[in-house]
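# Structural description and commentary
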Amino acid sequence: MGSVSSLRQPVRIGFYLCNRFTMIAMASAIEVLRMANQLSGETLYKWWTLSDDGNPVTASDNITITTDDKIPSQHEFDIVIICGGIDIQQNYSPKVLSWIAQQDRKNKTIGAICTGSYLLAKSGVMHQKSCSIHWENLAGFQEAFPTIRVSNKLFSFCEKRMTSAGGTAPMDMMLTMVSQEHGGRLSAAISEMFMCERVRSSEDVQKVPLRNLIGTSQPKLLETVSLMEANLEEPFAIDELASLVQLSRRQLERLFQKHIQCSPSRYYLHLRLTRARQLLTQTNLSVIEISIACGFVSTPHFSKCYRDYFGLPPREERQGLKQAATANATTDLIPSANDAQIAI
């Protein structure tokens, strides 16, 4: 596939592997680059794995990875990405902090996946910037680095910084990067090869268990939320919920305001609309069926709530998804999996 991108030099990326890094997060990021090269027929990206001394690094699943180079590296990178993992506070060396700061002085793009954002923060390159980190580390990170705008988004781009949570979130971050540099058709084709239903955006949030946000000291609140989650199709009235957890309505409202900063009814609506969006984007159920499944008394009321919350009515959101799928299916610039006969 010939394109203007063939005139560019490959983007060079260094992946620094922390001790006990998370394998799935690292692989999710690198596999996108591999497939971008494979589908485009060009070397759009080159990458190297790095460690403190160039020796192998053991991941959190006890698989040992041979690295390509040590830090400071003999290679010059356009992007460096810190691959974090388990117990990040104990699994790093001062050497990597110095190296990250050095890359910042060279005005390189600096990234992190999983818990790697912790090392970016420790090195001092994230002051007043936004970043994402795995939900397990959100509370401690906010406490340790109050000048950093940490979010529970799947990934964040901010002023030559790119950070993501763990799991498969790095795949979405790298797919977004590919889309920005080489167009949405290529990133959509990569997503198709990986059998990924959709490329999640930087506005998608991690599903953070409420227990991790408020701790276990509020059993009544956790019990109420569990009842809400189990009864989305036929929602309880707030008075009923309060009675079931043996609180007054006023007590329940104070509990939600103090720990979640919203009313019980607003939080319940959030749960129902989030489920509605999942059904809208992941199933062929009609808008009427989704409305009923999520406990709305009428389709117009559901559409109004959905539009107020997400910024567009459900039918428009689904139509946008269909148009994107049609555009991806009809493009002749990227070969299909069958035409290319490429194995993942």
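Owing to the predicted nature of the structure, the values given are computational and were not obtained by experimental measurement. (Residues numbered from 1 in each chain as written. Predicted model: local features only at pLDDT ≥ 70, side-chain atom pairs only at ≥ 80, totals over all residues. Heavy atoms only, no water.)

## Describing the overall build of the chain
Our working definition: Each helix is a run of H or I in the DSSP string that is no shorter than four residues. Each strand is a run of E no shorter than two, and both are numbered from the N terminus. Only protein chains enter the accessibility calculation, which uses a 1.4 Å probe. A residue is then buried if its area is under 20% of the maximum for its type, exposed if over 50%, and partly exposed in between. In this analysis, two residues are considered to be in contact whenever any of their non-hydrogen atoms come within 4.5 Å of each other. Every accessible area reported is derived by Shrake-Rupley at a probe size of 1.4 Å, with residue values counting cover from the shown protein chains alone.
If you tally the helices and strands in the chain, you get 15 helices and eleven strands. Evaluated residue by residue, the chain yields a buried proportion of 47% over its 344 residues. If you take every contact in the chain between residues at least 6 apart in sequence, the share linking residues at least 24 apart comes to 64%. Per element, the accessible surface of the chain, about 17400 Å² overall, is 48% carbon and sulfur.

## Topic: the pattern of salt bridges
Let me state the cut-off plainly: For this analysis, a salt bridge means a side-chain nitrogen from Lys or Arg found within 4 Å of a carboxyl oxygen belonging to Asp or Glu.
Counted under the stated rule, the structure contains twelve salt bridges. Between Glu 76 and Lys 108 there is a salt bridge whose closest N-O contact spans 3.1 Å. With Glu 76 in the loop between strand S5 (69-70) and strand S6 (79-83) and Lys 108 in the loop between helix H2 (94-105) and strand S7 (109-113), this pair connects stretches of sequence that are 32 residues apart. In this structure, Asp 239 engages Arg 249 in a salt bridge whose closest nitrogen and oxygen atoms are separated by 3.4 Å. Of this pair, Asp 239 sits in helix H9 (residues 238-244) while Arg 249 sits in helix H10 (residues 249-259), and the two are ten residues apart along the sequence. Owing to a relative accessible area of 38%, Arg 249 belongs among the partly exposed residues under this scheme. Beyond isolated ion pairs, a larger network of salt bridges with shared partners links Glu 76, Lys 106 and Lys 108.

## A few points about the state of the cysteines
Keep this limit in mind: Only a pair of cysteine sulfur atoms within 2.5 Å qualifies as a disulfide here.
The tally for this structure, following the rule as stated, stands at zero disulfides. This cysteine, Cys 131, is not joined by any disulfide, and Cys 158 carries the nearest cysteine sulfur, 9.0 Å off. You can call Cys 131 buried: its relative accessible area is 0%.

## Observations regarding the sheet that holds S7
Here is the rule we go by: Any two strands with at least two DSSP-identified bridges between them are counted as paired.
The seven strands lie next to each other as S5-S2-S1-S6-S7-S11-S10, forming an open sheet whose pairing is mixed. Looking at which strands have only one partner, the edges of the open sheet turn out to be S5 and strand S10 (155-157). Bridge count for S10 against strand S11 (residues 161-164) is three bridges, and the pairing is antiparallel. Looking across to S11, one finds that Ser 156 is bridged to Thr 163.

## What about the nonpolar core?
Our working definition: We define the nonpolar core as a collection of buried residues of types Ala, Val, Leu, Ile, Met, Phe, Trp, Tyr and Cys that are connected through side-chain atoms lying within 4.5 Å of one another.
Ile 13, Phe 15, Phe 21, Tyr 45, Met 174 and Ile 190 are the most contacted members of the largest nonpolar core, which totals 41 residues. Mapped onto this core, the elements with two or more residues apiece are strand S1 (11-17), helix H1 (23-40), S6, helix H5 (169-182) and helix H6 (184-193). Ranked by residue count, the leading element in this core is H1, at ten residues. Excluding anything up to four places from it in sequence, Ile 190 contacts Val 32, Met 35, Ala 36, Leu 39, Leu 175 and Val 178.

## Remarks on the packing of helix H8 (residues 219-230) against H10
Counted only if it meets this: Axis definition: a line fitted to C-alpha atoms, over the contacting stretch in the case of helices. Angles run 0 to 180 degrees between N-to-C directions. Here the word oblique covers every angle except those under 35 degrees (roughly parallel), over 145 (roughly antiparallel) and from 65 to 115 (roughly perpendicular). Residues are sorted three ways: Asp, Glu, Lys and Arg are charged, Ala, Val, Leu, Ile, Met, Phe, Trp, Tyr, Cys and Pro are nonpolar, and all the rest, Gly among them, are polar.
Across the interface, H8 lies against H10 with an axial gap of 10 Å and an inter-helix angle of 95°. Between H8 and H10, the angle is such that the two are roughly perpendicular. Here Lys 220, Leu 221, Thr 224, Val 225 and Met 228 of H8 come into contact with H10, specifically with Leu 252, Leu 255, Phe 256 and His 259. Across the contact of H8 with H10, the residue classes break down as six nonpolar, two polar and one charged.

## Details of the side chain of Ser 117
For Ser 117, the position within the fold is in helix H3 (residues 117-123). Taking relative accessible area as the criterion, Ser 117 reaches 1% and is therefore assigned buried. For Ser 117, the contacting residues outside a window of four places in its chain are Ala 112, Cys 131, Ser 132, Ile 133, Phe 141 and Thr 163.

## Describing unusual backbone geometry
Here the amide bond leading from Ile 71 into Pro 72 is cis, since omega sits at -10°, within 30 degrees of zero. Along the chain, the position of Pro 72 falls in the loop between S5 and S6. In this structure, Asp 87 takes a positive phi of about 50° despite not being glycine. Of the residues examined, Asp 87 reaches a relative accessible area of 40% and is grouped as partly exposed. Positive phi outside glycine occurs at Cys 114, with the angle close to 60°. Structurally, Cys 114 can be placed in the loop between S7 and H3.

## Some words on the side chain of Ser 28
Condition: Counted as a polar contact is a pair of N or O atoms within 3.5 Å, where, for protein atoms, one must be capable of donating a hydrogen and the other of accepting one, and residues adjacent in sequence contribute only when both atoms are in side chains.
Here Ser 28 lies in helix H1. For Ser 28, a relative accessible area of 6% gives the class buried. Among the polar contacts listed, one links the side chain of Ser 28 to the backbone oxygen of Ile 24, at a separation of 2.7 Å. Look past the residues within four positions of Ser 28 in its chain and what remains in contact with it is Gly 167, Thr 168, Pro 170 and Met 171.

## A few points about H10
Short version of the rule: Read the arc as the range of directions from the helix axis to the C-beta atoms.
Of the residues making up H10, those classed as buried are Leu 252, Leu 255 and Phe 256. One face of H10 carries all of its buried residues, which in axial projection span an arc of 95°. Turned more than 90 degrees off the buried face of H10, the exposed positions are Arg 250, Arg 254 and Lys 258. Of the surrounding secondary structure, the elements contacted by the buried residues of H10 are H8, H9 and helix H11 (264-282). Backbone geometry just after H10 places Gln 261 at a positive phi near 60°.

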